[in-house]
Amino acid sequence: MRAGGFAALFIFSLLKPAFAEDHCDYRILAFRENNKREHGIVVPPFNDIPTTAIRLRPTLGITSDSELWSQENRDRLLKLACDITKKPSAFNKQRANFAREAIEAPIAQPRQIVAVGLNYADHSEEVGIDKVVVFPKNLTITGPYSEIRRPPGALLDWEVELAIVVRKKISRETQITPENAAEYFAGFVAANDVTDRVPIILDTEHGFSQGKTHPGFLPVGPYLAPIDNFIAEKRLNPELDMKLNVNGDIRQDSNSKRMANSIPKVLEKILREADSLWPYASRKQGKLLPHGELLPGDLIVTGTPGGTAIQAPGLGKKIGLGLKSLVRRQNPRWVFVNEQYCSGAYLRDSDRVSARIATLGAQENLVVEAEEALEPKVACSSRAEVRRRLGI
């Protein structure tokens, strides 16, 4: 090797530690310990189901979710991640071990949750709707290992989705670029946008908010991945593998790079339609953004790829539905709903749903029977019973 080559190698060896410190990767999670919500930091490797973390309360004095969003703590978290990576044994006293039942959603309850529908071409095709929609999810988020309760009369479907957490207020005037994105976004989390397909089949314009706002319809976590490492690669849209299986059978297998609308385009649409009105499952109406802008801690759920239970009828099927509706004197959409109940494609009691996004961890949720749950055989035989139990 020439002398110049040795010199370059020597200089690079001096610069490498500083470069590595700027890009120390880490994840944030939350867990229950001694009846308190605690936060922890995890450095690579990131297990799909975490079992240990370094407590943030004794190391950085962080005791609340809101403290995670400050610029000062963002820098302190990065330094702590680098320190743990270099010498993990130095933090043994601050290490917590826990069962997965103790793990909670890595973020506090958002004031506003906005979801993006039909943001992947293959899902748009299987649903049979060719436009991207944004709608509110007026519900309480749950942890990554919580139960999913099937409401009476629901056609319960699954949707693995990448979600982004807001760090700083975003208004219509805000201009977000890869250079300033870390100022406005905290990071990414995995979510399962659990869906009752019935309201959406019956009302493709406004049924999204009704079919997606039942209690327990948004498991989140287990990890919050800081946006810094994605921004370091000058990407606002990370390219992460997304998978979901039901009882071990793979249903969704895709990558977040296949989004039809990038995160900046989604933001533009959300802010443009901030005052649009949507009906909730409770039959009340609410604005897409009640506060008129995105606030710290808000959550944007960016859409799901193909592989869900719903399959829109083709031309031949539509003709068949039309003929059946004439014979039965029913709306064709109701005929389709009844046939979906009998298909066996949707989630049932005791099903286990596992959603995973690369480096964001894996969720595992058990479907349980809600009070007065509607069995498929009842739905197939009685449209009146379906209507009674749905309250419509």
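Each value, and the rule that gives it
Residues numbered from 1 in each chain as written. Predicted model: local features only at pLDDT ≥ 70, side-chain atom pairs only at ≥ 80, totals over all residues. Heavy atoms only, no water. Helix = DSSP H or I, 4+ residues; strand = E, 2+ residues; numbered from the N terminus. Contact = heavy atoms within 4.5 Å. Disulfide = S-S within 2.5 Å. Buried < 20%, exposed > 50% of the residue type's maximum accessible area, 1.4 Å probe, protein only. Phe/Tyr/Trp six-rings, centres within 6.5 Å; stacked < 30°, edge-to-face > 60°. Lys NZ or Arg CZ within 6 Å of the ring centre and 35° of its normal. Expected span 1.5 Å × (residues − 1). Core = buried A, V, L, I, M, F, W, Y, C linked by side-chain atoms within 4.5 Å. Pairing = 2+ DSSP bridges.

Caption draft 1: Broad picture of the overall build of the protein chain. Broken down by element type, the protein chain carries 13 helices and 20 strands. A separation of at least 24 residues holds for 74% of the contacts in the protein chain among residues at least 6 apart in sequence.

Caption draft 2: Representation of the state of the cysteines in the model. Overall, the coordinates contain one disulfide when judged by the stated rule. With a sulfur-sulfur separation of 2.0 Å, Cys-24 is cross-linked through a disulfide to Cys-82. Its S-S torsion of approximately 120 degrees makes the covalent link between Cys-24 and Cys-82 right-handed. Taken together, the residues span a long stretch of sequence, with Cys-24 in the loop between helix 1 (3-22) and strand 1 (27-33) and Cys-82 in helix 3 (residues 71-86) at a distance of 58 residues. The class of Cys-82 is buried, set by a relative accessible area of 1%.

Caption draft 3: Looking closely at the packing of aromatic side chains. Within this structure, the stated rule accounts for four aromatic pairs. For the ring pair Phe-135 and Trp-278, a centre distance of 6.2 Å and an interplane angle of 55 degrees mean the geometry is tilted. With Phe-135 in strand 7 (residues 133-136) and Trp-278 in strand 16 (residues 277-279), this pair connects stretches of sequence that are 143 residues apart. Taken together, Phe-135, Phe-208 and Trp-278 form an aromatic cluster joined through their ring pairs. One Lys or Arg, Arg-27, reaches over the ring of Phe-46 and ends 4.3 Å from the middle of that ring.

Caption draft 4: Layout of helix 11 (residues 332-343). Taking 1.5 Å as the rise per residue, helix 11 with 12 residues should run 16 Å; its terminal C-alpha atoms sit 17 Å apart, in good agreement. Within the span of helix 11, buried status applies to Trp-334, Val-335, Phe-336, Val-337, Asn-338, Glu-339, Gln-340 and Tyr-341.

Caption draft 5: Main features of the nonpolar core. Judged by nonpolar contacts, the single largest core of 98 residues is most densely connected at Ile-41, Leu-56, Leu-77, Phe-185, Leu-218 and Leu-299. Look past the residues within four positions of Leu-56 in its chain and what remains in contact with it is Ile-28, His-39, Gly-40, Ile-41, Gly-61, Ile-62, Leu-68, Leu-77 and Leu-80. The next biggest cluster of nonpolar side chains, apart from the first, holds 11 residues, and it includes Val-42, Ala-96, Phe-98 and Tyr-223.

Caption draft 6: Focus on the environment of Phe-46. Note on placement: Phe-46 falls in the loop between strand 2 (36-42) and strand 3 (52-55). A relative accessible area of 18% places Phe-46 in the buried class. With 312 residues separating them in the primary sequence, Phe-46 and Ala-358 have C-alpha atoms 9.3 Å apart. Setting aside residues no more than four positions away along its own chain, Phe-46 makes contact with Asp-25, Tyr-26, Arg-27, Tyr-223 and Thr-359.

Caption draft 7: Summary view of the pairing of strand 19 (residues 352-357). Two strands pair when backbone bridges link them, and strand 14 (residues 241-246) and strand 19 are joined in this way by five bridges, in the antiparallel orientation. Directly across from Asn-245, in strand 19, lies its bridge partner Ser-354. Between the end of strand 19 and the start of strand 20 (residues 361-369), which pair antiparallel, lie three residues, with Thr-359 showing a positive phi angle near 70 degrees.

Caption draft 8: Molecular detail of the sheet that holds strand 2. The sheet built from five strands is open, its strands ordered 4-3-2-1-5 with antiparallel pairing. The open sheet has two free edges, formed respectively by strand 4 (95-97) and strand 5 (103-104), since each of these has just one partner strand.

Caption draft 9: Summary view of the sheet that holds strand 7. Ordered by their spatial adjacency, six strands build an open sheet running 7-6-18-10-11-13, and the pairing between neighbours is mixed. Every interior strand has two partners, whereas the edge strands, strand 7 and strand 13 (225-226), have only one. Where strand 10 (residues 160-166) lies against strand 18 (residues 299-301), three bridges are found, and the strand directions are antiparallel. Opposite Val-165, over in strand 18, you have Leu-299 as the bridge partner.

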